[in-house]
Amino acid sequence: MAGPGWGRVPPRRGYLSGGTERRCRELLAAAGGGGAAAAGAAVLVPLCSVRGRPSLLYTLRCRRLPGPHSGDVSFPGGKREASDGDAVATALRETREELGLELEEGSVWGMLRSLPDRQGMLVVPVVANLGPLENLKLSPNPEEVAETFTLPLAHLLREENQGYTHFRTRGRYGYTLPVFLHGPHRVWGLTAIITELTLELLAPERYRRKTHVPGRHLAAPPRRA
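Residues numbered from 1 in each chain as written. Predicted model: local features only at pLDDT ≥ 70, side-chain atom pairs only at ≥ 80, totals over all residues. Heavy atoms only, no water.

**Q** Now, about the overall build of the protein chain: what can you tell me, with residues and values included?
**A** Across its full length, the protein chain holds four helices and 10 strands. Across the protein chain, helices and strands are ordered from the amino to the carboxyl terminus as α-β-β-β-β-α-β-β-β-β-α-β-β-α. Considering the protein chain as a whole, with its 225 residues, one finds that 52% of them fall into the buried category. Look at the contacts in the protein chain between residues 6 or more apart in sequence, and 67% of them connect residues 24 or more apart. Accessible surface for the protein chain amounts to roughly 10,900 Å². Of this, 51% is attributable to carbon and sulfur atoms. (Helix = DSSP H or I, 4+ residues; strand = E, 2+ residues; numbered from the N terminus. Buried < 20%, exposed > 50% of the residue type's maximum accessible area, 1.4 Å probe, protein only. Contact = heavy atoms within 4.5 Å. Areas by Shrake-Rupley, 256 points an atom, 1.4 Å probe, with all protein chains shown as cover.)

This is the structure:
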């Protein structure tokens, strides 16, 4: 659960305000991006505004992609390459390759704690503010991205759009993962966990995490037909 150090929640249109940015930058810097040095991958968590409404930008991965993440809702990102100086460089490079966006490091607020994916690889979520989406030209790479879509933070913060999946391990309760519903696509898995941590960062008095994240890897929830 969020502690008192997360500060007071801003008004809805203030989620991306200068005051919120300063607060979040300070919190993320103090947290130190736990586990980032050992992580093998990074994703960008793209904050943006759509007609003035604070939102998150998501991608739907192309089903032609090999591996377990094809067809998943995700954030732009991927494995770290030898030429990447750090996790931020990985997230910015992957965003450029997937969406055609050239982002400056100044747009980056900081890093959330590293999280394991289904294979146990640590992934660093890098939080950045893209600004008004209307001012950007997205050029999704059709080999990697089937679709892009946004969800307003107000939508994600409504309880009726939040769900949870409970997993059992060896016949006993193991852990609970979040699911975000009633958008163009269901947001689940690692992307939902990162969404949850982002909401907790931006709106600590409106969102309280109810999940217990596994320490090693994430199980894949059943696919919808």
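**Q** Just give me the short version of the nonpolar core, but keep the residues and values in it.
**A** Residues Y58, W109, L156 and I194 are the most contacted members of the largest nonpolar core, which totals 38 residues. The set of elements that each furnish at least two residues to this core consists of α1 (18-31), β1 (41-50), β2 (53-61), β7 (122-132), β8 (145-152), α3 (153-157), β10 (172-180) and α4 (189-202). A total of eight residues in this core trace back to one element, the largest contributor, which is α4. (Core = buried A, V, L, I, M, F, W, Y, C linked by side-chain atoms within 4.5 Å.)

**Q** Outline the pattern of salt bridges, listing residues and values.
**A** For the coordinates displayed, the defined rule picks out eight salt bridges. Here R118 makes a salt bridge to D72, at a shortest N to O gap of 2.8 Å. Pair noted here: R118 is in the loop between β6 (115-116) and β7 and D72 is in the loop between β2 and β3 (73-74), with a separation of 46 residues, a long-range link. Among the salt bridges present, the one from E102 reaches R96, with a minimum N-O distance of 3.9 Å. R96 sits in the partly exposed class, given a relative accessible area of 35%. (Salt bridge = Lys/Arg side-chain N within 4 Å of Asp/Glu carboxyl O.)

**Q** Can you lay out helix α2 (residues 87-99) for me, pointing to particular residues and giving the numbers?
**A** Spanning 13 residues, α2 covers 18 Å between terminal C-alpha atoms, matching the ideal 18 Å at 1.5 Å per step. Burial within α2 is extensive, with 10 of its 13 residues counted as buried. Among all positions in α2, only A87, V88, T90, A91, L92, R93, E94, T95, E98 and L99 are buried. Where the residues of α2 are buried, they touch β1, β2, β4 (77-79), β5 (108-111), β7 and β8. (Expected span 1.5 Å × (residues − 1).)

**Q** Got a sec to walk through unusual backbone geometry? Specific residues and values, please.
**A** Here R51, not a glycine, exhibits a phi torsion of approximately 50°, which is positive. Mapped onto the elements, R51 comes out in the loop between β1 and β2. Classification of R51 by relative accessible area gives exposed; the value is 69%.

**Q** Report on the packing of aromatic side chains, specifying residues and quantitative values.
**A** According to the stated counting rule, one finds two aromatic pairs in the structure shown. Plain terms: the ring middles of Y58 and F75 are 4.9 Å apart, the flat faces sit at 20° to each other, and that makes the pair stacked. Of this pair, Y58 sits in strand β2 while F75 sits in the loop between β3 and β4; the two residues are 17 residues apart in sequence, bridging distant segments of the chain. Taking the relative accessible area as the measure of exposure, Y58 reaches 0% and is therefore buried. Look at Y58 and F149: their rings are 5.4 Å apart centre to centre, the planes differ by 15°, and that puts the pair in the stacked class. Highlighted residues: Y58 in strand β2 and F149 in strand β8, separated in sequence by 91 residues. Members of the aromatic cluster, each reached through a chain of ring pairs, are Y58, F75 and F149. (Phe/Tyr/Trp six-rings, centres within 6.5 Å; stacked < 30°, edge-to-face > 60°.)

**Q** Would you mind going over the environment of L101 in detail, with residue names and values included?
**A** Mapped onto the fold, L101 is located in the loop between α2 and β5. Here the alpha-carbon distance between L101 and L130, two residues 29 residues apart in the chain, equals 9.4 Å. Setting aside anything within four residues of it in sequence, one finds L101 in contact with T95, R96, L130, L136, K137 and L138.

**Q** Run through the pairing of strand β9 (residues 162-169), naming residues and quoting values.
**A** Bridging between β9 and β10 involves eight bridges; their strand directions are antiparallel. Counted as the bridge partner of R168 is Y173 from β10. In textbook terms, the turn of a hairpin is the stretch between consecutive antiparallel strands, and for β9 and β10 this stretch comprises two residues, one of which, R170, has a positive phi near 50°. (Pairing = 2+ DSSP bridges.)

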